[in-house]
Structure formats: C-alpha cells, structure tokens
Amino acid sequence: MISDKKHVQQLAALLLKRGITDIVISPGSRNAPMINTFTGIPGFCCRNIVDERSAAYFAIGMALAKQKPVVLVCSSGTAALNYTPAVAEAFYQNIPLIVLTADRPDYWIDQAESQCIRQENIYQNFTKKEISLPIGESEKECWYAARQINECLNLAVAGRPAPVHINIPLEEPLHKLVQMDLPEVKEIELTETKNILEENELARLEGTINQSQKILILAGQQNSNPDMESILVMLVARTGAVVLHEHLSNLSDPQFCASIDLVMAGIRDGNIESYKPDLLISFGGQFVSKALKQFLRKNKPAQHWHLGPSGEHFDTYQSLSKVVKMEAVDFFETLSGRIQRNDKSYLQLWKGKEAKVNQVRDEFVESIDFSDLKAFRLIGQKIPVNTVIHLGNSSPVRYALIHNRVENAMYFSNRGTGGIDGCLSTAVGFSSESDKINTIILGDLSFFYDSNALWNKYIGSDLRIIVINNGGGNIFGMIKGPSDSPAFAEHFLAENTLKAEVLAKAFGLDYFKAQNEAELLNALDEFYSPEQKKVALLEVFTDAETNVRLFRELFRKVKG
Ligand SMILES: Cc1ncc(C[n+]2csc(CCOP(=O)(O)OP(=O)(O)O)c2C)c(N)n1
Ligand SMILES: [Mg+2]
C-alpha cells in the first residue's frame, strides 16, 4: 500500500529509478504520505530517528559511508528547521542529502494554523536547488513536479555534490492508502562530461611547473582515493614537489608531508623564505591547520592554482591566480607524463623538518604526565589498523593531527562548518553502514551537546566512542584571547562537571573509564578486544590546566 498523493508517488518512483533507497524518517503526521509510501515499497530501506538535528547528521554519516545520496523526511514547522545545521555541513562538505519536508498548503501559512512556518527556501544558502511541489494533481502539475524533482535529484550529485530541498505541501486527508505500483515517471538523465585541458593551455601549465623551483601541493579533506595517491607519488618522484596533507586528506604515502602544525612551528624566521613556494596547487576541502593558512598568507607564492570540478574560487591564501575547472586527479594525470625535474632539494627541506619536529614530539610525549596529548598518543597506538576514525571538532581533531596516522585508517570529521553539534550523530550514521570498527573521539561538551545521537536503534556493535572529559571547552584555554578573558571559566570554558557514565548506561552502552595512563591502556585493551561485542563508550578524564600547559610546552620545544 502507498499514499494516494500523486506527487509523493512520483518522487518515490524517481528515487527508486536512481537507486536512491536510503530514507531517514523523523515522525510526524503531515509527512504521513511520504512515510506510508517509502515504507510501503520493498525497495526502500527506512530508518526512524526522532530528533531531526541528529537524524540529518546521521544521514551525512550514511552518505559518506555509502558514497551515495540519502533522503531525509520530516514533518512541518521547526522539524524542518532542525535539519539546518546538517544541511549546512553537507553543503560545505559536498554531500548529497535529499531533504523532503512536509508542509501545509500555502493558504494556511501565517494563518494561526498549527506547526506552520514559512518553509519555502528555508535552506536557501546551503542547497543547490529548493522547490515546493504543487498541491494540484492535474496532468500538467504532475509533469511540472516530475521535471522539478528530476532536476533536484540530478543537481544533488552533479559536479560538486550538495543537498537539495523538496518542500511538499499536502492537503488533508493525509493517510489515504491505495493498493497500486508506483507510476511510470519520465526520468531526465544528466550526462556529466569530463573537462579536458587544451594543448596550448597544457603547454603553458607545463612550462610554469618546469620553471618552478618550489612546488607545494595542498591536499585538502577528501575521501580515500587510491588513484590520487598513486598519481601524487609519481608526481613527487618526477618533480620533487611537496605534498602537504592532514589525516582528513586520507593520503598516507611516506613521501608526503604531514605534521603541519609542528612543521610550521619549527620553521625559523630566518629560514622562512626557503619554505615559501613558487607555485601552490590546491584541491579538496578544508585544512584544519590555522598555522598553514597564516604561513601562506604571509609568504605568498607567485602563483596559486586551485583544482576542482565546479571551478570554485577558493582564494584561501590570498594569492589565487588560476582556477582549473577539473577533477584534481585528471589534472595531475594529464600533466604528470609531461614533466620532469630532478631537483629534490625543496622536498628534502620539508621532509627533513618533518622528521626533526616529529622526533621532538615523540621524545616530549614519551616524557609527559597523563593529559589529552598523551591520551591521544596511547589511543592512536591501540586503535586497530584498517578501521574508521571520526574526529570531533575542537581540540580532538587537532590532537589527532599532531600524532601520526593510524595505519590504513580512514579519517572523517565535520570540517565543512566545524560545528560540535553533530559529530557523534555523523559517526553513528557512518558506523551503521560500515563493517569496520568505527572509533569516534570527541570532547565532553561535544558529547553532551549531541547525546541524542545515541537515541536510535541503528547503533552498530562495532562503534567505539571515546569521550575526552577535560571539564569543558578546553580549546579555549589553548587560544590566547579567550584564556585571558575575565569571562573565561563561565563563558568560554563553560566548566562542565557532568560525566558520560549515566548517559552511556541510559542508552545501553558498555562503559569504561580511565583517569591515568595505566587505566587507559587497560581500558583500551578491553575496548578493542574481540570479546567486546557491543557498542562501548570510554570516558577519559584529564586535567584542563595540565592539558594547556603541555600543549603549549610542546610547541615551545618544537620552536626550540
Ligand atoms: C554548534 C557549535 N557551537 C559552538 C561552537 C564553538 N566551539 C568550538 S570548540 C567548543 C568547545 C568544545 O568543547 P569540548 O567538546 O569539550 O572539546 P575540548 O575543547 O575540550 O577539546 C565550542 C563551544 C561550535 N564549534 N559549534
Ligand atoms: Mg572538553
């Protein structure tokens, strides 16, 4: 049985044709036609999550794990608004969410009707396209709606993927069901084309590369991409270019250069010029490292090329001189066969510095008291290889990047907007679709903020949650401005004395805790033991002041 609403039937038919079958529903009455239709057709896989904010972040996690669009369905009013944070995150992380919101007919808007708000274009800054379907079901209106739905579904995945919003005003009765198959609906295909470089432009680019002594390639956040990895390895060998990456770039070849924050700290003022690139080439999403941005804004390269399929003008370093509207992997593939330089001195300079700062780091971390810095080292050593690691925003992502990558791990983090409000929900959504161990490491405020992430039935037994409980927003103690403010404790740190234990029990999770190195090592052994068959939460208690002191001391040591 499916709903009798023709536009909802068309929408379901078009989703099914495209193989978009994962639906995350939040309960309501106005969205009954969608609920009844998606659950009434065997091809769809429906999940239910009450909290729309969490549901939408969960959908991001699913979409990342499955590398395909995920559909959200909610009722009208603030239900729809609660999707907004995740829609913004998805927009900046290029994740195709198909957002379906139920609505009242427009003649009831602003008429003292219940659960009614102005719902058209509510995500206008964070979607590729937003439409409201017609209420009427005449032949012409069905044709019009189907065309609009086709366009939305195509745009969600074309070029740089992004969310789309389909608002669905619905007339009562809402629950009428009919016994029928989905209607035949015309599918409008979008054929994507590859951009290619013309020979004269290719020759120009090749000339610049061959003349550049110091080439710096910035690999921003991206999913793991073995083709990219091997083409960059070849490029480094042929040109001596330096590839800078963070764990979230999901590259791992030892010829590339990581530990960016430490390397930046380790560059002496008198020697800065030798690190300054002639040619900067960037691709992918954002970098976490603020020091890198500061370094490049101060030491501008003569040229900066940004590569991307939608021609985005990312002038992050205020020196953008060329936008290449092309997939980065295609760009490097086209060029790599044509260039050959044998000067490796720039690469050796960066790799030498990286080795030095890593050594200082390792000796320092070995010697220090229990703290966030130490805990991240121990956790990194105990996380099994070949797993998935989700990093919470705030200091967890920064601590993780200070240490080496876990071997063969895939790294994710909500770095589109850097919010602390959905890190756990995203990891829960990802792990529900992953057959690997998934570890999320996040701060105490981030955990309590998003604890509704645990309020659903889809938490995989392979999920491991590590809460670093340092008594508040410890990051604000690490940054100069907030830590000097008289309002620091109450309004920046937001001192937190809550413990995760009671929540873990309420949601039926196994609970572990650690307050020192020995306890942490023991707990991690159990946490990751094959005997641990159930989702588990490990709460690590550290002292905020010790954390700040050691974090600053590490950077002082690296600076020499
Ligand atoms: C939704 C949202 N609100 C506020 C912020 C600002 N913010 C950044 S970090 C942070 C503190 C996070 O504390 P916690 O999760 O305990 O991590 P810690 O700093 O202790 O590592 C806050 C409030 C944010 N990033 N996102
Ligand atoms: Mg904290």
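Higher on the page you've got the structure.
Residues numbered from 1 in each chain as written. Chains lettered and ligands numbered in written order. Predicted model: local features only at pLDDT ≥ 70, side-chain atom pairs only at ≥ 80, totals over all residues. Heavy atoms only, no water.

*Asks:* What am I meant to see in the sheet that holds strand E5 (residues 97–103) here?
*Replies:* Sheet strands pair by backbone hydrogen bonding; their relative direction is either parallel or antiparallel. In spatial order, the strands read E3-E2-E4-E5-E7-E6; together these six strands make up an open sheet with parallel pairing. In this open sheet, the two edge strands, each paired with only one partner strand, are strand E3 (45–48) and strand E6 (129–132). For this sheet the average axis-to-axis angle between neighbouring strands, irrespective of direction, equals 20°. With six bridges joining them, E5 and strand E7 (residues 164–169) adopt parallel strand pairing. Within the sheet, the bridge partner assigned to alanine 102 lies in E7 and is isoleucine 168. Lying over the sheet, helix H6 (residues 139–157) contacts E5, E6 and E7, oriented at roughly 160° with respect to E6. (Pairing = 2+ DSSP bridges. Helix = DSSP H or I, 4+ residues; strand = E, 2+ residues; numbered from the N terminus. Axes fitted to C-alpha atoms, helices over the stretch in contact; angles between N-to-C directions. Contact = heavy atoms within 4.5 Å.)

*Asks:* Would you mind going over the nonpolar core with me for this structure?
*Replies:* Generally speaking, a soluble globular protein has its nonpolar side chains buried in company with each other. Ranked by size, the top nonpolar core spans 93 residues in total, and within it Leu232, Phe332 and Trp350 carry the most contacts. Contacts of tryptophan 350, omitting those with residues within four sequence positions, involve Leu216, Val242, Leu244, Cys257, Val263, Met264, Tyr275 and Phe295. One finds Leu72, Phe447, Tyr458 and Leu537 within the second-largest nonpolar core, a separate group that totals 49 residues. (Core = buried A, V, L, I, M, F, W, Y, C linked by side-chain atoms within 4.5 Å. Buried < 20%, exposed > 50% of the residue type's maximum accessible area, 1.4 Å probe, protein only.)

*Asks:* I would appreciate a short explanation of the packing of aromatic side chains in the present structure.
*Replies:* Two numbers describe a pair of aromatic rings. These are the distance of the centres and the angle of the planes. Inspection of every chain in the model, using the stated rule, returns 20 aromatic pairs. Ring geometry for phenylalanine 283 against phenylalanine 332: centres 5.7 Å apart, planes inclined by 75°, an arrangement best described as edge-to-face. One end of the pair, phenylalanine 283, is in strand E11 (residues 279–283); the other, phenylalanine 332, is in helix H12 (residues 328–336), with 49 residues separating them in the sequence. Of the two residues, phenylalanine 283 and phenylalanine 332, neither departs from the other in class, the shared state being buried. Following the ring pairs from residue to residue traces out a cluster consisting of Tyr275, Phe295, Tyr346 and Trp350. (Phe/Tyr/Trp six-rings, centres within 6.5 Å; stacked < 30°, edge-to-face > 60°.)

*Asks:* Would you explain the coordination of the magnesium ion (ligand 2) in this entry?
*Replies:* Geometrically, a metal with four donors at the corners of a regular tetrahedron has ideal angles of 109.5 degrees, and one with six donors at the corners of a regular octahedron has ideal angles of 90 or 180 degrees. Ligation of the magnesium ion (ligand 2) by protein atoms is provided by Asp444 (OD), Asn470 (OD1) and Gly472 (O), these donors lying 2.0 to 2.1 Å from the ion. Sequence spacing among the residues donating to the magnesium ion (ligand 2) works out to D-x25-N-x1-G. Of this pair, aspartate 444 sits in helix H17 (residues 444–449) while asparagine 470 sits in the loop between strand E17 (463–469) and helix H18 (475–478), placing them 26 residues apart in sequence. The pair aspartate 444 / asparagine 470 is uniform in exposure class, with both members buried. (Donors = N, O, S within 2.8 Å, 3.2 Å for Na, K, Ca; no water.)

*Asks:* Mind showing me how you'd approach the pattern of salt bridges here?
*Replies:* Here the idea is simple: oppositely charged side chains can pair when their charged atoms come close. In total, this model carries 26 salt bridges according to the counting rule given. The salt bridge involving glutamate 187 is made with arginine 18; its shortest N-O contact spans 3.7 Å. Of this pair, glutamate 187 sits in the loop between strand E8 (177–178) and helix H7 (199–211) while arginine 18 sits in the loop between helix H1 (6–17) and strand E2 (22–25), placing them 169 residues apart in sequence. Residue classification places glutamate 187 among the partly exposed residues on the basis of a relative accessible area of 31%. Glutamate 113 is the salt-bridge partner of arginine 104, the closest N and O atoms lying 3.3 Å from each other. (Salt bridge = Lys/Arg side-chain N within 4 Å of Asp/Glu carboxyl O.)

*Asks:* Just checking my understanding: could you explain the site of ligand 1 for this structure?
*Replies:* Lining the immediate environment of ligand 1, one finds 18 residues, of which Ser394, Ser395, Asp444, Ser446 and Gly472 sit closest. At 2.8 Å from an oxygen atom of ligand 1 is found a main-chain nitrogen or oxygen belonging to asparagine 474. In isolation ligand 1 offers 580 Å² of accessible surface; the protein chains occlude 77% of this area. Elements with a contribution of two residues or more to the shell around ligand 1: helix H15 (395–402), H17 and H18. Of all the elements, H17 adds the most residues to the shell around ligand 1, at four residues. (Near = heavy atom within 4 Å. Polar contact = N/O pair within 3.5 Å; in protein donor to acceptor, adjacent residues only side chain to side chain. Areas by Shrake-Rupley, 256 points an atom, 1.4 Å probe, with all protein chains shown as cover.)

*Asks:* What is the right way to look at the sheet that holds strand E16 (residues 438–443) in this model?
*Replies:* Across the sheet, six strands lie side by side as E15-E14-E16-E17-E19-E18; this open sheet has parallel pairing. Each of the sheet's edge strands pairs with one partner strand only, and the pair in question is strand E15 (410–412) and strand E18 (510–514). Within this sheet the neighbouring strands show an average axis-to-axis angle of 20°, counted without direction. Bridge count between E17 and strand E19 (residues 536–541): six bridges; the pairing is parallel. Paired with isoleucine 466 across the bridge in E19 is leucine 538. Packing against the sheet, helix H14 (residues 372–382) makes contact with E16, E17 and E19, and its axis sits at approximately 165° to E17.

*Asks:* I would appreciate a short explanation of the packing of H14 against helix H22 (residues 517–527) in the present structure.
*Replies:* Between H14 and H22, whose axes approach to 10 Å, the crossing angle comes to 25°. As summarised for this structure, H14 and H22 are arranged roughly parallel, according to the angle between their axes. As for how H14 packs across H22, the hand of that crossing is right-handed. Side by side, H14 and H22 meet where Lys374, Ala375, Leu378, Ile379 and Lys382 of the first sit next to Glu517, Leu520, Leu521, Leu524 and Asp525 of the second. (Parallel < 35°, antiparallel > 145°, perpendicular 65-115°, else oblique. Left-handed = near helix turned anticlockwise from the far one by under 90°.)

*Asks:* Could you clarify how one ought to interpret helix H23 (residues 544–559) in this entry?
*Replies:* Every α-helix winds through 3.6 residues per turn, so residues three or four apart in the chain are directed the same way. Between its first and last C-alpha atoms H23 spans 23 Å; for 16 residues at 1.5 Å apiece the expected length is 22 Å, and the two agree. Residues of H23 that are buried in the fold lie against helix H9 (260–266), helix H13 (345–367), H14, H15 and H18. The first or second residue beyond H23 is glycine 560, which carries a positive phi of 80°. (Expected span 1.5 Å × (residues − 1).)

*Asks:* Which parts of the structure should I look at to understand the pairing of strand E9 (residues 215–219)?
*Replies:* A regular strand places its side chains so that they alternate between the two faces of the sheet. The buried count for E9 comes to five of five residues, which makes it a mostly enclosed element. Residues Ile215, Ile217 and Ala219 of E9 are buried on one face, and the alternating residues Leu216 and Leu218, pointing to the opposite face, are buried as well. Pairing analysis gives five bridges linking E9 to E11, with the strands arranged parallel. Looking across to E11, one finds that isoleucine 217 is bridged to isoleucine 281. Sheet analysis places E9 next to strand E10 (residues 242–245), joined by four bridges and oriented parallel. Bridge pairing in E10 links isoleucine 217 to valine 243.

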